[in-house]
Amino acid sequence: MASEVLYRNSTVNKELSDVLVSHLKGVGRMFYIHSPEETLYEKPEDVPNFFRQSFPYFIIFMIIEHIVLRLEGKKGIRLNDGVTSISHGIFQECGRLIWRGAESYLYTWIYSNYRMVDLPWDNTLTWYAAALGVDFCYYWMHRACHEVHILWAQHQVHHTSEDFNMGVGIRQSVLQGWCGFAFYLPLALAIPPAQFVMHHQFSYLYMFWIHTEAIKSLGPLEYVLNTPSHHRVHHGSNKYCLDVNYGGVLIIWDRLFGTFRPETDKIEIVYGLIYNQPSFNPFYLQIFYTGYVVEKFRSFENWEHKIKAIVWGPSWEPGTARLGDDDLKEDIQSREKYDVTLPTWCNGYIVVHYAVVFYGFFELASRYMGMTPFSVLIFVFYVMASLTIIGMLFDNSKYAPLLEVLRCSALAFLTRSISSPTPVTTLLQIFYVASAMFWCLNTMKLLEIKRTKLE
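I will try to describe carefully the structure that is included in this document. From a predicted model like this one, the values you see are computed outputs, not experimental measurements. Along each chain, numbering runs from 1 in the same order as the chain's sequence is written. In keeping with the model being predicted, local features are shown solely for residues with a pLDDT of at least 70 and side-chain atom pairs are shown and tallied solely at 80 or more, while totals for entire chains, interfaces and linings include all residues. The basis for the side-chain values is all heavy atoms of the structure; hydrogens and waters are excluded.

### Regarding the overall build of the protein
In DSSP terms, a helix is any run of H or I states spanning at least four residues, a strand is any run of E spanning at least two, and both are numbered starting from the N terminus. Helix and strand content of the protein: 18 helices and 0 strands. Rg of the C-alpha trace for the protein: 24 Å, near the compact-globule value of 23 Å for 455 residues, within the 12% margin. Projected onto its principal axes, the C-alpha positions of the protein cover 70 × 65 × 50 Å. Accessible area is worked out with a 1.4 Å probe on protein chains only. A residue is then buried under 20% of its type maximum, exposed over 50%, and partly exposed in between. A burial count over the protein gives 48% of its 455 residues as buried. When contacts within the protein are restricted to residue pairs at least 6 apart in sequence, those whose partners lie at least 24 apart make up 76%. In the structure as shown, the protein presents an accessible area of about 22900 Å², 65% of it carried by carbon and sulfur atoms. Throughout, the radius of gyration refers to the C-alpha atoms, and the reference size of a globule is 2.2 Å times the residue count to the power 0.38. Two residues qualify as a contact provided that any one of their heavy atoms is within 4.5 Å of a heavy atom in the partner residue. For every accessible area listed, the method is Shrake-Rupley and the probe measures 1.4 Å; residues are considered covered only by the protein chains on display.

Laid out in structure tokens, this is it:
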């Protein structure tokens, strides 16, 4: 009996130790701290989705950051802006669920047919070469996304927040991965596809935590690494912040190619787009600027101007340089942030429903490979539509209550139709029916949301 107890205790201790080690490795990945020997993969499909696995760490880091900012006397992460940032991250992952890694197919094809050297995939030197190569290509991809108008139309999503916090690190475009992928293709001449896919994720994980005002300086590391200080400048709308600090993990590329600019305490950085779009609707923020590019293209009759409207810089106008005239660029000095103050009951409602959608997304992500593409598309539509309507609720859009009635009614019907009755499905049906009735009252003006601006 005693031996059995000792065996159980040792088993439990080992399991707890394994869990602790796993979480420590998960935290380490956020800072590009990895063991090369443990992250060597032969095939791209063998590489875990580290980005998706890191969502719990994203949330934990955001909570810690919020607490630190509040202790410093600052406002911290706003609920509406923080939720919108997370929604963009889920949008990006929903896109990946649909195309199932197809964006890396061309890279694999080039490597299989035209590679110039055979670097061993299980060698640590290959691991480090891939890390350096991916970061170098990221610099040029990121720079192009600011200097080519149609690429900026996708990348601008990442700059739409008027705050600067770790949530902004998740705020990504659904289509930027496709638009910027060509910049990584030269690596396919030497770097094995699995190493590329892995370091591409590691790079974005590192860049998550540098979106913060809670860390002022990293001392001597500022000379080599991209840090919160450097990246705050990159996200500013002030003129001195424009078109600088493009680095991913390393800031040395900016120093080498003349695009580095240090942070100064003489100027308060104003975050967001130069011409900001007031909205917490993630779908709108994903697409609105593409409409502007199309409008600018159509406004010219000269085909040379039409083409330049797409491939020259966002500030380009006829008669100016490729990136526009610096003297004509607006210098944002201060700006009132867009905000909508909702009643506590409405914020509580949104948080509960957002948690359900969040859980549903991860259930989909864990099962999608065993589902038909059409089924995945339907569930992705549900997730993205739900996040869009939640964003509209944050905006206090006049269409949001009716759309929420339709969304909850449809989900109540689907929950009843596609699954056998269980206590959980019954509870979900009651939850969605009650929510639909709740917003019916709102449409009849029995419940109202007051809209104000942030002071």
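### Quick notes on the packing of helix α15 (residues 344–367) against helix α18 (residues 423–443)
Every axis in this analysis is a line fitted to C-alpha atoms, fitted for helices over the stretch in contact. Angles between the N-to-C directions lie between 0 and 180 degrees. At their nearest, the axes of α15 and α18 sit 13 Å apart, and the two run at 145° to each other. At the point where α15 passes α18, the crossing takes the left-handed sense. Mapping the contact onto sequence places Trp345, Cys346, Tyr349, Val352, His353 and Val356 in α15 and Phe431, Tyr432, Ser435, Phe438 and Trp439 in α18. Ten residue types, Ala, Val, Leu, Ile, Met, Phe, Trp, Tyr, Cys and Pro, are classed as nonpolar, four, Asp, Glu, Lys and Arg, as charged, and the remainder, Gly among them, as polar. Class assignment of the residues belonging to the contact of α15 with α18 gives a composition of 9 nonpolar, 2 polar and no charged. Helix crossings fall into two classes, left-handed where the near helix is turned counterclockwise from the far one by less than a right angle and right-handed where it is turned clockwise.

### Things to note about a nonpolar patch on the surface
The patches described consist of residues with a relative accessible area above 30% and no salt bridge, like charges being joined within 9 Å and nonpolar side chains (Val, Leu, Ile, Met, Phe, Trp, Tyr) within 5 Å. A side-chain nitrogen of Lys or Arg and a carboxyl oxygen of Asp or Glu constitute a salt bridge if their distance falls within 4 Å. A contiguous nonpolar surface patch, about 470 Å² in accessible area, is contributed by Ile98, Phe374, Leu377, Ile378 and Phe379. Residue contributions to the nonpolar patch peak at 4 residues, all from helix α16 (residues 373–395). Among the secondary structure elements, Ile98 is positioned in helix α4 (residues 79–99).

### Examining a negative patch on the surface
A grouping of Glu42, Glu45, Asp46 and Asp122 is seen on the molecular surface, where their side chains present a negatively charged patch. In this structure, Asp46 sits in the loop between α1 (2–29) and α2 (50–53). You can call Asp46 partly exposed: its relative accessible area is 40%. Positive charge is attributed to Lys and Arg, negative charge to Asp and Glu, and no charge count is given to His or to the chain ends. Where a charge lies is defined by one atom per residue type: Lys uses NZ, Arg uses CZ, Asp uses CG and Glu uses CD.

### A word on the pattern of salt bridges
As enumerated under the stated definition, the model contains 19 salt bridges in all. Residue Arg52 pairs with Glu93 through a salt bridge whose shortest N-O separation is 3.1 Å. With a gap of 41 residues between them, Arg52 in helix α2 and Glu93 in helix α4 connect regions that are remote in the sequence. A residue is classified by how much of its surface remains accessible, and Arg52, at 12% relative accessible area, is buried. Accessibility expressed as a relative area gives 0% for Glu93, which makes it buried. In this structure, Glu304 engages Lys308 in a salt bridge whose closest nitrogen and oxygen atoms are separated by 2.9 Å. With Glu304 and Lys308 both in helix α14 (residues 303–311) and 4 residues apart, this pair spans about one turn of that helix. Its relative accessible area of 21% is what places Lys308 among the partly exposed residues. Salt bridges sharing partners connect three or more residues here, namely Arg78, Asp163, Lys337 and Asp339.

### Details of α16
Helix span is expected to be 1.5 Å times the residue number reduced by one. Taking 1.5 Å of rise per residue, 23 residues should cover 33 Å, and α16 covers 33 Å from first to last C-alpha, within 8% of that figure. Note on α16: the residue one or two positions beyond its end, Asn396, has a positive phi of about 60°.

### What about the environment of Lys337?
Mapped onto the elements of the fold, Lys337 is located in the loop between α14 and α15. For the pair formed by Lys337 and Asp163, sequence separation is 174 residues and the distance between their alpha carbons is 8.5 Å. By the criterion applied in these results, polar contacts are pairs of N or O atoms within 3.5 Å in which, for protein atoms, one can donate a hydrogen and the other can accept it, and in which residues neighboring in sequence qualify only through two side-chain atoms. Within the local environment of Lys337, its side chain forms a polar contact with the side chain of Asp163, the two groups lying 2.6 Å apart.

### A closer look at the packing of aromatic side chains
Any Phe, Tyr or Trp ring, taking Trp's six-membered ring, that has another such ring centre within 6.5 Å forms a pair; planes under 30 degrees apart are called stacked, those over 60 apart edge-to-face, and the others tilted. Applying the stated criterion across every chain yields a total of 41 aromatic pairs. Their ring planes at 85° and their centres at 5.5 Å tell us that Phe438 and Trp439 sit as a pair that is edge-to-face. The exposure class of Phe438 is partly exposed, given its relative accessible area of 24%. Joined through ring pairs, the aromatic side chains of Phe31, Phe51, Phe55, Phe58, Phe61, Tyr206, Phe208, Trp209, Phe358, Phe361 and Phe362 make up one cluster. For a ring to carry a charge above it, either NZ of a lysine or CZ of an arginine must fall within 6 Å of the ring centroid while also lying within 35 degrees of the normal to the ring plane. Note that Lys306 overlies the ring of Trp303, its terminal NZ or CZ placed 5.6 Å from the centroid.

### Brief notes about unusual backbone geometry
Phi angles above zero are rare outside glycine, and Tyr32 is one such case at about 60°. With respect to the helices and strands, the residue Tyr32 is situated in the loop between α1 and α2. You can call Tyr32 buried: its relative accessible area is 17%. Non-glycine residue Asp243 carries a positive phi angle of around 60°. With respect to the helices and strands, Asp243 occurs in the loop between α11 (228–234) and α12 (252–257). Exposure remark for Asp243: the relative accessible area of 27% places this residue in the partly exposed category.

### Notes on the environment of Leu414
Here Leu414 is to be found in helix α17 (residues 400–417). Remark: the alpha-carbon pair of Leu414 and Ser397, spanning 17 residues in sequence, is separated by 26 Å.

### Things to note about helix α5 (residues 105–114)
Tyr107, Ile110 and Tyr111 are the residues of α5 that are buried. An end-on view of α5 places all buried positions within 100° of arc, on one side of the element. The elements touched by buried residues of α5 are α10 (193–209). Each C-beta atom gives one direction from the helix axis, and the arc is the one those directions make.

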